[in-house]
Amino acid sequence: MENEPLSLQTTIEDACDIAASRAREKKLKLLIDIAENVPAWVRGDVTRLRQVLLNFINNAIKFTDQGQVLISVNALGEAASQDHALLEFRVKDTGIGIPLDRQDALFQSFSQVDASTARRYGGTGLGLAICKRLAHLMGGNVGLESSPGQGSTFWFTAQLQRADAQEPSATSSYYMASLNGQRAVLIDDTALNLRILDKQVKRWGMHTVQFERAKNALDWLATHTAKVIVVDMHMPDMDGYDFAKTLRQTQPTANIVLLTSGMAPSGEIAALFDAVLLKPYRQSQLFDALIRANNMQAALTPAASGPAIVAKHQHILVADDNAVNLKVALAMLTKLGYEASTAHNGEEAIAMVEQSCAEQQPYAAILMDANMPVMDGYAAARHIVSTYGASAPPMIALTASVMQEDRQRCLDAGMLGFLPKPLRIDELADALERYASTPAGGPITGGQECSTAVPVKSSLVDWSRLDQFKEFDDTRRTMARDVITLFITDVPMRIAAIEATLPGCNPADLCLALHALKGASSNVGARALVASCYELEAACNHNTWPAIAQTQVAHIALLAQQTCQELLEF
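> Quick one: what's the story with the sheet that holds strand 10 (residues 228-232), residue by residue and with numbers?
The strands making up a sheet associate through backbone hydrogen bonding, with each pair oriented either parallel or antiparallel. Pairing is parallel across the open sheet formed by five strands, whose spatial order is 9-8-10-11-12. This sheet does not close on itself; its edge strands, each paired only once, are strand 9 (207-211) and strand 12 (275-278). In this sheet, neighbouring strand axes are inclined to one another by 20 degrees on average, regardless of whether the strands run parallel or antiparallel. Where strand 10 meets strand 11 (residues 256-260), four bridges bridge the pair, whose relative direction is parallel. Considered in strand 11, the bridge of V230 is made with V257. Running at roughly 165 degrees to strand 9, helix 7 (residues 191-202) makes contact with strand 8 (183-187), strand 9, strand 10 and strand 11 of the sheet. Relative to strand 12, helix 11 (residues 283-293) is tilted by about 170 degrees, and along the sheet it contacts strand 10, strand 11 and strand 12.

Shown next, in the form of structure tokens:
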């Protein structure tokens, strides 16, 4: 385990950033609540800490269809005032809940609530067992509290040493002084959201007035003034848009900051607000928005360099069960100016296509992974084509396979062509330029074809792959670091899934597990790992159990460990 200084606020916000896109698609509120007794900086293993947090958060989002996911941190007992703090991290959701008689088994390997849960939501059941081991390594424990239909709270503790701040706070004393004593009106229909928001702005010396109904806030503002107004978009009776539109009629210069769990507004709606923040927002982003809304000459967050993104006004659906692949695809699509949504299996993709067509807002294209749990991309594509015919959104297969018969299967299922994994932004741009919103076409020929063999390289990582992210990353390489974190978090479960196929000697199961690891590895340039997966996958092509399976799987596990260690140096 590493023992380096880390910011708890940043660590939690990083984990939420990675999970945020899925939460927004499900219209879930993702909230962070850090208690006052929690130290700002501690010493620990930031990768392992974030791995446990991300696993709990992803599970909460997966099993929650409406409501919210709350991540809270508190310092326990007398240790809260000593050099070492025993911290408790809790992830609470409003999801399906778990029966009492199934709770004890959840932290065991390959355990899920029941078979129907596995079929619907996917997953191997390994993540929580790994989280338990990591919590023990951090001097803590894990547990849960849940009832069917009442949601779940997964928690873990960690014994961490306090540390001095390693970098200046983004919320400098100069700017804090400019907010000190100012009045902020806070509007949100959820009492918990208001409490968290109130605690955040009071840290900067602001006085607050809180309302759970926008109409009540309008009545109060008719006879009072405020330096800034922070309003949630999604509220009953009157939403954030109607509130701002009404207030602008009487107070055209009011400073209004919008918080939203959905897509960022554009055009006339966006023009009503001085700043818009997507939940979960970082604390520094809220602070910066308040500074901007107060018309300060400078803001804390520097403007992004480079040319502005030109909106395409086209919505792309990405269907893939691999978090690393989704992160890369969404970043590329954003850079290219497309809006994007994600599905984690074929059934989700079908449901989202049905909803988009019912709302008369069909997707301009679907990027469809061929191999997914619950329903694969081939079956999903056939269903979409048979249901919508010529009106079906154009589908482009995402595949790491080099086999011509697999690519022919994509075409036979109704997909227009394929893009090789790992994705390249230039090939993706060409494919969407050619096929998006086009009901018919031929196979993609502009993309770079995979070679028929993957040579083994002496180096573990092809760093040029991560360098490709610079085109759509920020100066701190946040995107690349997020992808690496996702990969390192995902690898133990992928390796365990491969090892689990050994007792049954089923080549089809082994190929599926290898394919998943190979696809994720290619996205981070883990070329030695890709080559080893390819070698064993090729040995299974004749539907026979390869004699080298046991030895090669052990080699793959070792390569995975070495690759993760090298990526941590990025």
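> Go over the sheet that holds strand 15 (residues 365-369) with me, naming the residues and quoting the values.
Strand order in the open sheet made by the five strands is 14-13-15-16-17, with parallel pairing throughout. Whereas interior strands pair on both sides, the edge strands pair on one side only; in this sheet they are strand 14 (339-343) and strand 17 (417-420). Each neighbouring strand pair of the sheet contributes to a mean axis angle of 25 degrees, computed without reference to strand direction. Judged from the four bridges that link them, strand 13 (residues 315-319) and strand 15 form a sheet pairing that is parallel. Its bridge partner being in strand 15, A319 is matched across the sheet by M368.

> Can you tell me about the pattern of salt bridges, naming the residues and giving the values?
A side chain of one charge can pair with a side chain of the opposite charge if their charged atoms are brought near each other. One pass over the full model with this rule turns up 25 salt bridges. Linking D33 and R195 is a salt bridge whose minimum nitrogen-to-oxygen distance equals 2.8 Å. Of the two residues, D33 sits in strand 2 (residues 29-34) while R195 sits in helix 7, which places them 162 residues apart along the sequence. One salt bridge connects D198 with K202, and the closest N-O pair in it is separated by 3.2 Å. Of this pair, D198 and K202 both sit in helix 7, four residues apart, roughly one helical turn.

> Explain the nonpolar core residue by residue, including any values.
F89, F156, L432 and F487 are the most contacted members of the largest nonpolar core, which has 108 residues in total. Ranked by residues supplied to this core, first place goes to helix 18 (residues 478-499) with eleven residues. With sequence-adjacent residues up to four places away left out, F487 is seen in contact with V324, A520, S521, V524, L529, T563, C564 and L567. By size, the runner-up hydrophobic cluster in this structure holds 23 residues, among which are M352, I384, A392 and C410.

> Can you break down the packing of helix 20 (residues 527-539) against helix 21 (residues 549-567) residue by residue, with the values?
Packing of helix 20 against helix 21 brings their axes to within 10 Å, and their N-to-C directions diverge by 165 degrees. On the basis of their axis angle, the class for helix 20 and helix 21 is roughly antiparallel. Where helix 20 crosses over helix 21, the handedness of that crossing is left-handed. Touching A528, L529, S532, C533, E535 and L536 of helix 20 are A549, Q552, V553, H555, I556, L559 and A560, all from helix 21.

> Could you give an account of helix 18, with specific residues and numbers?
With 22 residues, helix 18 should reach 32 Å at 1.5 Å per residue; the first-to-last C-alpha distance of 32 Å fits that figure. At D490, helix 18 shows its maximal bend, which comes to roughly 35 degrees, and the proline P492 appears one to four places after that position. When you tally the buried positions in helix 18, you get 18 out of 22 residues, the bulk of the element.

> Please provide a residue-by-residue account of the pairing of strand 5 (residues 84-93), values included.
Sheet analysis places strand 4 (residues 68-76) next to strand 5, joined by eight bridges and oriented antiparallel. Residue V69 lies in a different strand from strand 5, and its bridge partner there is D93. In this sheet, strand 7 (residues 152-162) lies alongside strand 5 in antiparallel orientation, the contact comprising nine bridges. Each residue of the ladder has a partner; that of L86, found in strand 7, is Q159.

> Got a sec to walk through the pairing of strand 14? Specific residues and values, please.
For strand 14, the tally of buried residues reaches four of five residues, placing the bulk of the element in the interior. In terms of strand pairing, strand 13 meets strand 14 through five bridges, oriented parallel. Considered in strand 14, the bridge of A319 is made with A343. Crossover strand 13 to strand 14 through helix 12 (residues 323-336) is right-handed.

> Describe in detail the packing of aromatic side chains, supporting the description with residues and values.
Evaluation of the coordinates by the stated rule reveals five aromatic pairs. With 4.8 Å between their ring centres and 75 degrees between their planes, W204 and F287 make a pair best called edge-to-face. With W204 in the loop between helix 7 and strand 9 and F287 in helix 11, this pair connects stretches of sequence that are 83 residues apart. Assessed through its relative accessible area of 4%, W204 is described here as buried. You can call F287 buried: its relative accessible area is 0%.

> Could you give me a rundown of empty space enclosed by the protein, with the residues and numbers involved?
As enumerated under the stated definition, the model contains three cavities of 30 Å³ or more in all. Each pocket or cavity is described by its volume, and for the largest cavity that value is around 160 Å³. Where the lining of the largest cavity is concerned, the elements lending two or more residues are strand 2 and helix 7. A per-element tally of the lining of the largest cavity places helix 7 first, with five residues. Here the lining of the largest cavity is built from residues that sort into nine nonpolar, three polar and two charged. Around the second largest cavity sit Q9, I32, D33, I34, I196, K199, Q200, R203 and Q283, which together line it. Where the lining of the second largest cavity is concerned, the elements lending two or more residues are strand 2 and helix 7.

> Outline helix 19 (residues 507-523), supporting the account with residue identities and numerical values.
Here helix 19 spans 25 Å end to end across 17 residues, near enough to the 24 Å set by a 1.5 Å rise per residue. In terms of residue burial, helix 19 counts as a mostly covered element, since 13 of its 17 residues are buried. N-cap assignment for helix 19: the residue whose side-chain oxygen lies 2.9 Å from the backbone N of A508 is N506. Once helix 19 ends, the next one or two residues include G525, with phi positive near 75 degrees.

What counts and how
Residues numbered from 1 in each chain as written. Predicted model: local features only at pLDDT ≥ 70, side-chain atom pairs only at ≥ 80, totals over all residues. Heavy atoms only, no water. Pairing = 2+ DSSP bridges. Helix = DSSP H or I, 4+ residues; strand = E, 2+ residues; numbered from the N terminus. Axes fitted to C-alpha atoms, helices over the stretch in contact; angles between N-to-C directions. Contact = heavy atoms within 4.5 Å. Salt bridge = Lys/Arg side-chain N within 4 Å of Asp/Glu carboxyl O. Core = buried A, V, L, I, M, F, W, Y, C linked by side-chain atoms within 4.5 Å. Buried < 20%, exposed > 50% of the residue type's maximum accessible area, 1.4 Å probe, protein only. Parallel < 35°, antiparallel > 145°, perpendicular 65-115°, else oblique. Left-handed = near helix turned anticlockwise from the far one by under 90°. Expected span 1.5 Å × (residues − 1). Bend = angle between axes of the 7 residues up to and from the residue. Right-handed = clockwise from strand over helix to strand, strands pointing away. Phe/Tyr/Trp six-rings, centres within 6.5 Å; stacked < 30°, edge-to-face > 60°. 1 Å grid on protein atoms, 1.4 Å probe; cavity = no way out; pocket = protein on both sides within 12 Å on 5 of 7 lines; lining within 4 Å. Points joined across faces, edges and corners; volume = space filled by probe spheres on them. Nonpolar A, V, L, I, M, F, W, Y, C, P; charged D, E, K, R; others polar. Polar contact = N/O pair within 3.5 Å; in protein donor to acceptor, adjacent residues only side chain to side chain.

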